[in-house]
Amino acid sequence: MQDVLKDRFRSMVVTATNEATDPTIDSQIVQLQATGADVLICGVVPRFDDVDTDGARRIVEGALRRGEGWLTSSEAQALMAAMRIATAGARLVASEADAMEAARVMGYPVVLKAVGPEIVHKTEVGGVVLDLRDEAAVSTAYRSMAGRLGATMTGAVLQQMVTGGVELLVGAVVDPTFGPLVACGSGGVLVEIGRAHV
């Protein structure tokens with residue numbers, strides 16, 4: 001019998017669960033190794049005890065109930081915070097005066113990004129102004145952006161200016177055919193370049 005198992009399971013992949021020490025998995029591995037099979041363990045999911053899973057779930061469920069397809073800027077920031085992923089400081093502002101006050105509190109330089117239900121790809125609509133270094137620059141940028149975008153701009157995000165690093169796009173969906181999928185790629189304006197070629 002052992003020879004039959006050895007031939008049938010010469011190369012076996014064992015998918016582990018969240019518990020790397022699951023006795024069922026350990027038992028399967030020992031049995032397979034006893035047959036002389038080559039065993040590859042994959043799929044061990046690390047534990048992150050500092051993650052606010054309930055908070056993250058509430059944010060995502062709220063967005064799904066709303067049904068617009070995208071997280072708002074505030075929801076995205078809150079989700080990153082719940083998952084303990086560091087992001088540049090940001091604040092949602094509703095007016096030019098709010099933007100100037102947020103910049104004073106946050107410190108310069110800052111970035112101004114338009115917000116609105118119809119504004120997804122901000123660069124395409126002229127909804128991003130970088131490297132604002134003083135109150136006058138923030139004021140001018142907000143007024144100009146609001147004038148250009150009109151009612152589609154319901155507010156803005158004022159964010160700390162970060163230099164260096166790499167912009168990253170991360171997305172997730174549960175596909176009816178393939179199940180859970182995660183997309184990772186170049187972020188920022190490179191997202192639009194890639195979209196044109198898909």
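The coordinates are above.
None of these values were measured; they are calculated from a predicted model. (Residues numbered from 1 in each chain as written. Predicted model: local features only at pLDDT ≥ 70, side-chain atom pairs only at ≥ 80, totals over all residues. Heavy atoms only, no water.)

## A few points about the nonpolar core
And step 1. Judged by nonpolar contacts, the single largest core of 18 residues is most densely connected at Leu112, Val138, Tyr142, Met153 and Leu158.
And step 2. Where this core is concerned, the elements lending two or more residues are helix 5 (96–106), strand 4 (110–115), helix 6 (135–149) and strand 6 (155–160).
And step 3. For this core, the element with the highest residue contribution is helix 6, accounting for five residues.
And step 4. In this structure Val138 touches Ala99, Met100, Ala103, Tyr108, Val110, Leu132 and Leu158, once residues within four positions along its chain are discounted. (Core = buried A, V, L, I, M, F, W, Y, C linked by side-chain atoms within 4.5 Å. Buried < 20%, exposed > 50% of the residue type's maximum accessible area, 1.4 Å probe, protein only. Helix = DSSP H or I, 4+ residues; strand = E, 2+ residues; numbered from the N terminus. Contact = heavy atoms within 4.5 Å.)

## Concerning the packing of helix 5 against helix 6
And step 1. Two numbers describe how helix 5 lies on helix 6: the axes approach to 9 Å, and their chain directions differ by 145°. Of the two elements, helix 5 crosses helix 6, and the hand of that crossing is right-handed. From helix 5, Glu96, Ala99, Met100, Ala103 and Arg104 reach across to helix 6, where they touch Glu135, Val138, Ser139, Tyr142 and Arg143.
And step 2. A breakdown of the residues in the contact of helix 5 with helix 6 according to their chemical character gives five nonpolar, one polar and four charged. (Axes fitted to C-alpha atoms, helices over the stretch in contact; angles between N-to-C directions. Left-handed = near helix turned anticlockwise from the far one by under 90°. Nonpolar A, V, L, I, M, F, W, Y, C, P; charged D, E, K, R; others polar.)

## Some details on unusual backbone geometry
And step 1. Omega for the bond connecting Tyr108 with Pro109 falls within 30 degrees of zero, at 0°, which places this linkage in the cis form.
And step 2. You can see Pro109 is positioned in the loop between helix 5 and strand 4.
And step 3. The backbone of Arg84 shows a phi angle near 60°, a positive value even though the residue is not glycine.
And step 4. As for its position among the elements, Arg84 is in the loop between helix 4 (73–82) and strand 3 (90–93).
And step 5. Phi is positive for Asp131, close to 55°, though the residue is something other than glycine.

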